[in-house]
Amino acid sequence: MSYHAERFAAATRASGGALRLAELPFLAQVNVRLDPKGPAADAVGLALGFPLPLESNTVARGGELAALWLGPDEWLVVGPPGTQAEIEARLREAIGDEHAAVVDVSSQRTTLLVAGARAGEVLAHGCSLDLHPRSFGADRCAQTTLARAHVVLVPRGELKPGFWVLVRSSFAGYLADWLLDAASEYTNGPDTQVR
(Lines give C-alpha, C1' and ligand atoms only; values in the text may rest on other atoms or scores of the structure.)
Protein backbone atom coordinates (compact mmCIF):
# COMPACT_ATOMS: atom_id res chain seq x y z
CA MET A 1 0.00 0.00 0.00
CA SER A 2 3.00 2.33 0.13
CA TYR A 3 2.35 3.07 -3.55
CA HIS A 4 -1.00 4.57 -2.55
CA ALA A 5 0.31 6.66 0.37
CA GLU A 6 1.47 9.53 -1.86
CA ARG A 7 -1.73 9.38 -3.91
CA PHE A 8 -3.84 9.43 -0.74
CA ALA A 9 -1.86 12.42 0.57
CA ALA A 10 -2.24 14.28 -2.74
CA ALA A 11 -6.00 13.63 -2.84
CA THR A 12 -6.33 14.75 0.77
CA ARG A 13 -4.49 18.02 0.04
CA ALA A 14 -6.46 18.61 -3.16
CA SER A 15 -9.79 18.18 -1.36
CA GLY A 16 -9.25 21.39 0.59
CA GLY A 17 -10.12 19.70 3.88
CA ALA A 18 -13.24 17.91 2.61
CA LEU A 19 -11.58 14.46 2.67
CA ARG A 20 -8.80 12.56 4.30
CA LEU A 21 -7.69 9.28 2.78
CA ALA A 22 -5.03 7.16 4.45
CA GLU A 23 -4.05 3.64 5.31
CA LEU A 24 -3.95 2.74 9.00
CA PRO A 25 -1.60 -0.22 8.65
CA PHE A 26 -0.98 -2.97 11.14
CA LEU A 27 -3.93 -2.41 13.49
CA ALA A 28 -4.23 -5.33 15.89
CA GLN A 29 -7.20 -7.51 14.94
CA VAL A 30 -8.13 -10.50 17.07
CA ASN A 31 -11.11 -12.68 16.20
CA VAL A 32 -13.12 -14.08 19.13
CA ARG A 33 -15.71 -16.89 18.90
CA LEU A 34 -17.67 -17.93 21.99
CA ASP A 35 -21.13 -18.40 23.47
CA PRO A 36 -22.38 -14.88 24.27
CA LYS A 37 -24.38 -16.24 27.24
CA GLY A 38 -21.56 -18.32 28.66
CA PRO A 39 -18.92 -17.53 31.28
CA ALA A 40 -16.27 -16.93 28.60
CA ALA A 41 -18.17 -13.84 27.40
CA ASP A 42 -18.12 -12.36 30.88
CA ALA A 43 -14.43 -13.19 31.25
CA VAL A 44 -13.60 -11.50 27.91
CA GLY A 45 -15.59 -8.42 28.96
CA LEU A 46 -13.59 -8.18 32.18
CA ALA A 47 -10.31 -8.63 30.29
CA LEU A 48 -11.23 -5.90 27.79
CA GLY A 49 -12.67 -3.54 30.40
CA PHE A 50 -16.06 -3.44 28.64
CA PRO A 51 -18.63 -6.07 27.66
CA LEU A 52 -18.77 -7.51 24.18
CA PRO A 53 -21.60 -5.96 22.14
CA LEU A 54 -24.54 -8.35 21.90
CA GLU A 55 -26.73 -6.43 19.47
CA SER A 56 -26.09 -7.12 15.80
CA ASN A 57 -23.84 -4.70 13.92
CA THR A 58 -22.77 -2.74 16.98
CA VAL A 59 -19.42 -1.67 18.43
CA ALA A 60 -18.27 -1.45 22.04
CA ARG A 61 -15.26 0.70 22.89
CA GLY A 62 -12.96 1.16 25.83
CA GLY A 63 -9.62 2.94 25.89
CA GLU A 64 -7.79 2.11 22.67
CA LEU A 65 -9.79 -1.04 21.95
CA ALA A 66 -12.98 -1.65 20.02
CA ALA A 67 -15.02 -4.87 19.79
CA LEU A 68 -17.03 -5.24 16.58
CA TRP A 69 -20.02 -7.59 16.45
CA LEU A 70 -19.57 -9.85 13.42
CA GLY A 71 -22.13 -12.52 14.22
CA PRO A 72 -24.16 -14.04 17.07
CA ASP A 73 -21.03 -15.73 18.44
CA GLU A 74 -18.23 -13.78 16.73
CA TRP A 75 -16.42 -10.48 17.41
CA LEU A 76 -13.38 -8.68 16.09
CA VAL A 77 -11.30 -6.90 18.72
CA VAL A 78 -9.34 -4.04 17.15
CA GLY A 79 -6.46 -2.28 18.88
CA PRO A 80 -3.35 -0.20 18.25
CA PRO A 81 -0.61 -1.55 15.97
CA GLY A 82 1.64 -4.12 17.59
CA THR A 83 -0.74 -5.07 20.42
CA GLN A 84 -2.21 -8.20 18.88
CA ALA A 85 -0.06 -10.65 20.86
CA GLU A 86 -0.90 -8.89 24.12
CA ILE A 87 -4.63 -8.79 23.32
CA GLU A 88 -4.66 -12.44 22.26
CA ALA A 89 -2.77 -13.54 25.39
CA ARG A 90 -5.01 -11.47 27.68
CA LEU A 91 -8.17 -12.96 26.15
CA ARG A 92 -6.85 -16.53 26.17
CA GLU A 93 -5.87 -16.18 29.84
CA ALA A 94 -9.28 -14.76 30.73
CA ILE A 95 -11.13 -17.56 28.92
CA GLY A 96 -9.05 -20.32 30.49
CA ASP A 97 -10.62 -23.73 29.85
CA GLU A 98 -13.95 -22.39 28.61
CA HIS A 99 -15.07 -23.35 25.10
CA ALA A 100 -13.96 -20.44 22.87
CA ALA A 101 -11.58 -19.51 20.05
CA VAL A 102 -9.21 -16.53 19.98
CA VAL A 103 -7.21 -16.01 16.78
CA ASP A 104 -4.89 -13.20 15.67
CA VAL A 105 -6.10 -12.17 12.19
CA SER A 106 -4.16 -8.89 12.01
CA SER A 107 -2.37 -9.75 8.77
CA GLN A 108 -5.60 -10.78 7.08
CA ARG A 109 -6.82 -7.19 6.58
CA THR A 110 -5.60 -3.64 6.38
CA THR A 111 -7.59 -0.59 7.39
CA LEU A 112 -8.29 2.34 5.12
CA LEU A 113 -9.37 5.64 6.63
CA VAL A 114 -11.97 7.66 4.77
CA ALA A 115 -12.60 10.79 6.83
CA GLY A 116 -13.82 14.35 6.51
CA ALA A 117 -17.11 16.02 5.64
CA ARG A 118 -17.40 14.22 2.27
CA ALA A 119 -16.44 10.73 3.52
CA GLY A 120 -19.97 9.38 3.48
CA GLU A 121 -20.59 10.73 -0.01
CA VAL A 122 -17.46 9.06 -1.37
CA LEU A 123 -18.38 5.70 0.17
CA ALA A 124 -21.98 6.00 -1.04
CA HIS A 125 -20.70 5.68 -4.61
CA GLY A 126 -20.02 2.00 -3.95
CA CYS A 127 -21.98 1.05 -0.82
CA SER A 128 -25.73 0.56 -0.51
CA LEU A 129 -25.91 1.25 3.24
CA ASP A 130 -27.44 4.46 4.57
CA LEU A 131 -24.27 6.02 6.00
CA HIS A 132 -25.93 9.05 7.60
CA PRO A 133 -24.96 9.29 11.31
CA ARG A 134 -28.63 8.92 12.34
CA SER A 135 -28.68 5.46 10.76
CA PHE A 136 -25.04 4.42 10.98
CA GLY A 137 -23.49 6.18 13.96
CA ALA A 138 -20.37 5.62 16.03
CA ASP A 139 -21.86 2.64 17.85
CA ARG A 140 -22.48 0.70 14.62
CA CYS A 141 -20.50 -1.51 12.24
CA ALA A 142 -21.39 -3.62 9.23
CA GLN A 143 -19.99 -6.36 7.08
CA THR A 144 -20.92 -5.18 3.62
CA THR A 145 -19.61 -4.66 0.12
CA LEU A 146 -17.87 -1.52 -1.07
CA ALA A 147 -17.22 -1.42 -4.81
CA ARG A 148 -17.84 -5.17 -4.83
CA ALA A 149 -15.12 -5.82 -2.24
CA HIS A 150 -16.14 -7.38 1.07
CA VAL A 151 -15.32 -5.02 3.92
CA VAL A 152 -16.10 -4.28 7.54
CA LEU A 153 -17.23 -0.66 7.75
CA VAL A 154 -16.94 1.19 11.07
CA PRO A 155 -17.90 4.84 11.69
CA ARG A 156 -15.16 6.60 13.67
CA GLY A 157 -17.30 8.72 15.96
CA GLU A 158 -19.07 12.03 16.31
CA LEU A 159 -15.93 14.03 17.09
CA LYS A 160 -13.98 12.53 14.18
CA PRO A 161 -16.28 12.14 11.18
CA GLY A 162 -15.29 9.35 8.89
CA PHE A 163 -14.97 5.61 8.62
CA TRP A 164 -12.58 2.74 9.03
CA VAL A 165 -12.78 0.38 6.05
CA LEU A 166 -11.31 -2.99 7.02
CA VAL A 167 -10.53 -4.81 3.80
CA ARG A 168 -8.77 -8.08 3.07
CA SER A 169 -5.18 -7.46 2.03
CA SER A 170 -5.72 -9.06 -1.38
CA PHE A 171 -8.37 -6.42 -2.22
CA ALA A 172 -6.64 -3.42 -0.60
CA GLY A 173 -4.92 -2.09 -3.74
CA TYR A 174 -8.08 -2.40 -5.81
CA LEU A 175 -10.15 -0.63 -3.16
CA ALA A 176 -7.54 2.12 -2.72
CA ASP A 177 -7.68 2.82 -6.47
CA TRP A 178 -11.48 2.82 -6.35
CA LEU A 179 -11.50 5.27 -3.41
CA LEU A 180 -9.17 7.63 -5.25
CA ASP A 181 -11.43 7.53 -8.28
CA ALA A 182 -14.60 8.03 -6.21
CA ALA A 183 -12.95 10.94 -4.38
CA SER A 184 -11.84 12.66 -7.59
CA GLU A 185 -14.94 14.87 -7.76
CA TYR A 186 -13.83 16.45 -4.45
CA THR A 187 -10.14 16.68 -5.41
CA ASN A 188 -10.41 18.72 -8.61
CA GLY A 189 -10.28 15.58 -10.75
CA PRO A 190 -7.92 12.65 -11.15
CA ASP A 191 -5.10 14.84 -12.51
CA THR A 192 -4.36 16.06 -8.96
CA GLN A 193 -3.31 12.57 -7.93
CA VAL A 194 0.30 11.47 -7.88
CA ARG A 195 0.88 8.61 -10.34
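The structure we're discussing is the one just above.
Reference entry: report on the structure contained in this document. (Residues numbered from 1 in each chain as written. Predicted model: local features only at pLDDT ≥ 70, side-chain atom pairs only at ≥ 80, totals over all residues. Heavy atoms only, no water.)

This brings us to the nonpolar core. One finds Leu-123, Leu-146, Leu-153, Val-165 and Leu-175 to be the most contacted residues of the largest nonpolar core, which totals 29 residues. The set of elements that each furnish at least two residues to this core consists of helix H1 (2-14), strand S7 (109-115), helix H4 (119-124), strand S8 (142-146), strand S9 (149-155), strand S10 (162-168) and helix H5 (169-183). The biggest single contributor to this core is H5, with 8 residues. Dropping the residues within four chain positions of it, Leu-153 is found in contact with Leu-123, Cys-127, Leu-129, Leu-131, Phe-136, Cys-141, Ala-142, Thr-144, Phe-163, Trp-164 and Val-165. Grouped together as the second largest cluster of nonpolar side chains are 21 residues, Val-44, Leu-65, Ile-87 and Ile-95 included. (Core = buried A, V, L, I, M, F, W, Y, C linked by side-chain atoms within 4.5 Å. Buried < 20%, exposed > 50% of the residue type's maximum accessible area, 1.4 Å probe, protein only. Helix = DSSP H or I, 4+ residues; strand = E, 2+ residues; numbered from the N terminus. Contact = heavy atoms within 4.5 Å.)

Let us look at the packing of helix H2 (residues 39-48) against helix H3 (residues 84-95). Following both chains from N to C, one finds H2 and H3 inclined at 140°, their axes separated by 8 Å at the closest point. When the interaxial angle is binned, H2 and H3 end up oblique. H3 is crossed by H2, and the crossing has right-handed handedness. Contacts from Ala-40, Ala-43, Val-44, Ala-47 and Leu-48 of H2 reach H3 at Arg-90, Leu-91, Ala-94 and Ile-95. (Axes fitted to C-alpha atoms, helices over the stretch in contact; angles between N-to-C directions. Parallel < 35°, antiparallel > 145°, perpendicular 65-115°, else oblique. Left-handed = near helix turned anticlockwise from the far one by under 90°.)

Within this model, the largest pocket holds a volume of roughly 380 Å³. As for the largest pocket, its lining consists of 17 residues, of which Arg-61, Glu-64, Arg-156, Lys-160 and Trp-164 are closest to the centre. Listing elements by their share of the lining of the largest pocket, those giving two or more residues are strand S4 (65-71) and strand S5 (74-79). Considered class by class, the residues forming the lining of the largest pocket number 9 nonpolar, 3 polar and 5 charged. Counted as a void, the second largest pocket has a volume near 270 Å³. Along the walls of the second largest pocket sit 18 residues, with Leu-131, Pro-133, Pro-161, Gly-162 and Phe-163 positioned nearest its centre. Secondary-structure elements contributing two or more residues to the lining of the second largest pocket are H4 and S10. (1 Å grid on protein atoms, 1.4 Å probe; cavity = no way out; pocket = protein on both sides within 12 Å on 5 of 7 lines; lining within 4 Å. Points joined across faces, edges and corners; volume = space filled by probe spheres on them. Nonpolar A, V, L, I, M, F, W, Y, C, P; charged D, E, K, R; others polar.)

That's the geometry; what it means functionally is another story.
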